[in-house]
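Single-letter residue listing:
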There are 2 protein chains.
Amino acid sequence: MDDHLEQKAEFLKALAQPTRLKILDLLKDGERCVCDIFPAIGEQQSNVSRHLQLMKRAGVLASRKDGLRVLYRIKDGKITRLLEDVDLLFGRAGSAKGKRSAA
Amino acid sequence: MDDHLEQKAEFLKALAQPTRLKILDLLKDGERCVCDIFPAIGEQQSNVSRHLQLMKRAGVLASRKDGLRVLYRIKDGKITRLLEDVDLLFGRAGSAKGKRSAA
DNA sequence: AAAATATATTACTAAATGAGCATATAGCGA
DNA sequence: TCGCTATATGCTCATTTAGTAATATATTTT
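Rules and cut-offs
Residues numbered from 1 in each chain as written. Chains lettered and ligands numbered in written order. Predicted model: local features only at pLDDT ≥ 70, side-chain atom pairs only at ≥ 80, totals over all residues. Heavy atoms only, no water. Pairing = 2+ DSSP bridges. Helix = DSSP H or I, 4+ residues; strand = E, 2+ residues; numbered from the N terminus. Least-squares fit on C-alpha atoms with pLDDT ≥ 70 in both. Contact = heavy atoms within 4.5 Å. Buried < 20%, exposed > 50% of the residue type's maximum accessible area, 1.4 Å probe, protein only. Arc of directions from axis to C-beta. Near = heavy atom within 4 Å. Polar contact = N/O pair within 3.5 Å; in protein donor to acceptor, adjacent residues only side chain to side chain.

1. Digging into the pairing of strand β3 (residues 69-74) of chain A
Residue and element names in this part refer to chain A. Bridge count between strand β1 (residues 32-33) and β3: 2 bridges; the pairing is antiparallel. When the sheet's bridge partners are listed, C33 is paired in β3 with L71. As defined by bridge partners, strand β2 (residues 61-66) adjoins β3 across 6 bridges and the pair is classed as antiparallel. Pairing of S63 across the sheet is with Y72, part of β3. Between β2 and β3, which pair antiparallel in sequence order, lie 2 residues; one of them, G67, sits at a positive phi of approximately 65°.

2. Here's the deal with the relation of the copies chain A and chain B
It takes a turn of 180° to lay chain A on chain B, together with a shift of 0.0 Å along the axis; the resulting RMSD is 0.0 Å. Both copies are brought into coincidence by an operation consistent with a two-fold rotation axis. Here 100% of the interface residues in chain A have copies in chain B that are interface residues too; the copies meet face to matching face.

3. Comments concerning helix α3 (residues 34-41) of chain A
All names here are of chain A. Those residues of α3 that sit buried are V34, I37 and I41. Looking straight down α3, one finds that the buried residues subtend no more than 65° of arc, so they occupy a single side. In this structure, the buried side of α3 is in contact with α2 (18-27), β1, α4 (45-57) and β3. G42 sits one or two positions beyond α3 and adopts a positive phi of about 70°.

4. Focus: the protein's contact with DNA strand D
Close to DNA strand D lie 26 residues, the nearest being C35(A), S46(A), R50(A), Y72(A) and H51(B). Within 4 Å of the protein, the atoms of DNA strand D are drawn from sugar and phosphate moieties in a proportion of 59%. V70(A) places a main-chain nitrogen or oxygen 3.1 Å from a phosphate oxygen of DNA strand D. In the model, a phosphate oxygen of DNA strand D is placed 3.1 Å from a nitrogen or oxygen of the N47(B) side chain. Put simply, the parts of the chain that give the surface near DNA strand D at least two residues each are α3, α4 and β3 of chain A together with α2 (18-27) and α4 (45-57) of chain B.

Now the structure itself:
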C-alpha cells in the first residue's frame, strides 16, 4: 500500500516540472523524436533525453526506435486528459490546440 | 504562458510526494485539523504543518480556523477526482473508500 | 495574567534534482 | 570500415527538498 503511494508520487513528480510539461505539451499532438523536441523547447539534447527517460520510467511516456531516431509518445490518452484537467482547474482551456468538447 | 507552466508545475509538485499524498488521502473524507492529521500519518507536527502550507500555497488546500485548531480541506473536488484518476491509471480503484461509480 | 494547547516558523542536515559539458553508444550511408 | 547523425550516460555544480528538533505565535481556559 505504501508501495502504491511511492509509485503514484513518482508518476506525479514526473509531470511536475516545467521542462517536462513543455515536452508533454509537444507530445500531446503525437509522437516526436528527441531531435525535434529539444530545439522546439530550447533545451539541450542531453537534458531533454534525461527528462524523457525519467518520464518513461515513471510510466508517462513510451518510445519506439525508428532507425537512428527514438520516437517518444505519451503512453496513455488518459494522461493527456489529466493534464488538461489541471489546466481547467486554473480556469485555463487547453493550450489552444487539440481541445476536447470544452464542457 | 511560461508563467502558467510554472504554476501548473507547482501545483502538480504539491501532489507529488508520499507524505502529502497520505495527507490528501485523509482529507478526501472531509476537513481535518493538524492535530488529527499528524498522528494519523505518523509524521511530526512541524513536518505536516509545512506540507500543509506548501499545498495551500500551491492551490491544493484551503483552511479555516476553529478556535485553537486550523482545519484543512481539499480546495476543489476536482482535485480529489484528479487523484482518483491517477489511481485508475495504475489499475487501482480508489483506496476502498469514497469511490465513485467504478466505470 | 498564567498555564495549557494547537499551529507555524526557524535553523540545520542529508538527500534528491535540474542543468551543463563532455563522452559513450547505436544505427545509417558512403 | 569509416564517418556521420541521433540518443544516452557519466560527471560536476548549485539549488531544492523532506525531515528533525527547538522555538515562536496564537488562542483558550482557569
